[in-house]
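Report on the structure
Okay, here's what each chain looks like letter by letter:
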Amino acid sequence: MASHSNASDSNSNSNPPPLPNMPPHVAFTLFDAAGEEHELILPSGYHFVPKDDDLILFYLHNKIIDQKDYLTVMTEMDLYNHDPDQIPNDEFKYGQMNDEAYYFTEIDEEYLTKSSQSRATNNGVWKKIEEDEDIVHNDEVIGFKKILAFYWRGNVEPTDWSMHEYRVNPASSQFELLDENAREKMKRYVLCKIKKVTDEPN
């Protein structure tokens, strides 16, 4: 009995200790052919880093036409009724440094223009800090990107929060076959990538 106990102790002691400071794993919601929901966890080293045209042509386009992706990365959130520090920390798990969060959000049609400069939240405002960028695919402008920084109300200095807001170009041939319902959604929905810039490495 004693020797058996010692062998067990020896085996347990031979297990390697956990690795410290491991980066977070990236988890997605996965739908199978039957529509059942599963969680897919990618191993360390994998990152969700889509290009701008991917965000327009695949993710925002599928949202507009109510197409459920087999791999769900983004959820819908009324971002402009929330301050950025109200977004759960565990949502910031995407990007090369695992410090980005992605959301679909519905906004007033008046904001879907290049001239729109800001979006108010409960306690602050997102302000446009650069000219809108054209998102080009196959030599065609398929959408636009607005770059904004967050300011707390009454402050003249921006916070560390930044946002890229993507919207579809309704004149693009990529979307000319959309039905009336989808075109209405195209006027209301944007895709937002939010990042908190810090000096500390992840």
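Residues numbered from 1 in each chain as written. Predicted model: local features only at pLDDT ≥ 70, side-chain atom pairs only at ≥ 80, totals over all residues. Heavy atoms only, no water.

**What to know about empty space enclosed by the protein**
Considering all chains together, one arrives at one cavity of 30 Å³ or more under this definition. Considering only enclosed or pocket space, the largest cavity measures out at about 30 Å³ in volume. Around the largest cavity sit Leu-79, His-82, Asp-83, Pro-84, Ile-87, Trp-126, Met-163 and Ile-194, which together line it. Partitioning the lining of the largest cavity into residue classes produces six nonpolar, one polar and one charged. (1 Å grid on protein atoms, 1.4 Å probe; cavity = no way out; pocket = protein on both sides within 12 Å on 5 of 7 lines; lining within 4 Å. Points joined across faces, edges and corners; volume = space filled by probe spheres on them. Nonpolar A, V, L, I, M, F, W, Y, C, P; charged D, E, K, R; others polar.)

**Some thoughts on the packing of aromatic side chains**
Taken as a whole and judged by the stated rule, the model has eight aromatic pairs. Their ring planes at 65° and their centres at 5.3 Å tell us that Phe-48 and Tyr-94 sit as a pair that is edge-to-face. Note that Phe-48 is positioned in the loop between β2 (37–42) and α2 (52–64) and Tyr-94 in the loop between β4 (75–76) and β5 (100–106), a separation of 46 residues in sequence. Each member of the pair, Phe-48 as well as Tyr-94, is classed as buried. (Phe/Tyr/Trp six-rings, centres within 6.5 Å; stacked < 30°, edge-to-face > 60°. Helix = DSSP H or I, 4+ residues; strand = E, 2+ residues; numbered from the N terminus. Buried < 20%, exposed > 50% of the residue type's maximum accessible area, 1.4 Å probe, protein only.)

**Some points on the nonpolar core**
If you look at the biggest cluster of nonpolar residues, it comprises 21 residues, and the most contacted ones within it are Ile-56, Tyr-59, Leu-60, Met-74 and Leu-191. Within the residue set of this core, elements represented by two or more residues are α2, β5, β10 (161–168), α3 (180–188) and β11 (189–196). Ranked by residue count, the leading element in this core is α2, at five residues. Non-local contacts of Ile-56, meaning those with residues more than four positions away in its chain, are made with His-61, Ile-135, Ile-142, Gly-143, Tyr-166, Arg-167, Val-168 and Phe-175. (Core = buried A, V, L, I, M, F, W, Y, C linked by side-chain atoms within 4.5 Å. Contact = heavy atoms within 4.5 Å.)

**Digging into the pattern of salt bridges**
Inspection of the entire model under this criterion finds twelve salt bridges. For Lys-63, the salt bridge is made with Glu-76, and the minimal N-O distance between the two is 2.8 Å. Residue Lys-63 is found in helix α2, and its partner Glu-76 is found in strand β4; the two are separated by 13 residues along the sequence. Between Glu-131 and Lys-128 there is a salt bridge, with the nearest N and O atoms lying 4.0 Å from each other. (Salt bridge = Lys/Arg side-chain N within 4 Å of Asp/Glu carboxyl O.)

**Considering the environment of Val-168**
By the element assignment, Val-168 lies in strand β10. Separated by 108 residues in the primary sequence, Val-168 and Leu-60 place their C-alpha atoms 7.8 Å from one another.

**Considering the side chain of Lys-185**
Residue placement: Lys-185 occurs in helix α3. Under the relative-accessibility criterion, Lys-185 is labelled buried at 8%.

**Let's talk about α2**
A rise of 1.5 Å per residue sets the reference length of α2, with its 13 residues, at 18 Å; its end C-alpha atoms lie 17 Å apart and thus fit the reference within 8%. Of all the residues in α2, the buried ones are Asp-53, Leu-55, Ile-56, Tyr-59, Leu-60, His-61, Asn-62 and Ile-64. Buried residues along α2 sit against β5, β8 (133–137), β9 (140–152), β10, α3 and β11. Positive phi appears at Asp-66, one or two residues downstream of α2, with a value of about 60°. (Expected span 1.5 Å × (residues − 1).)

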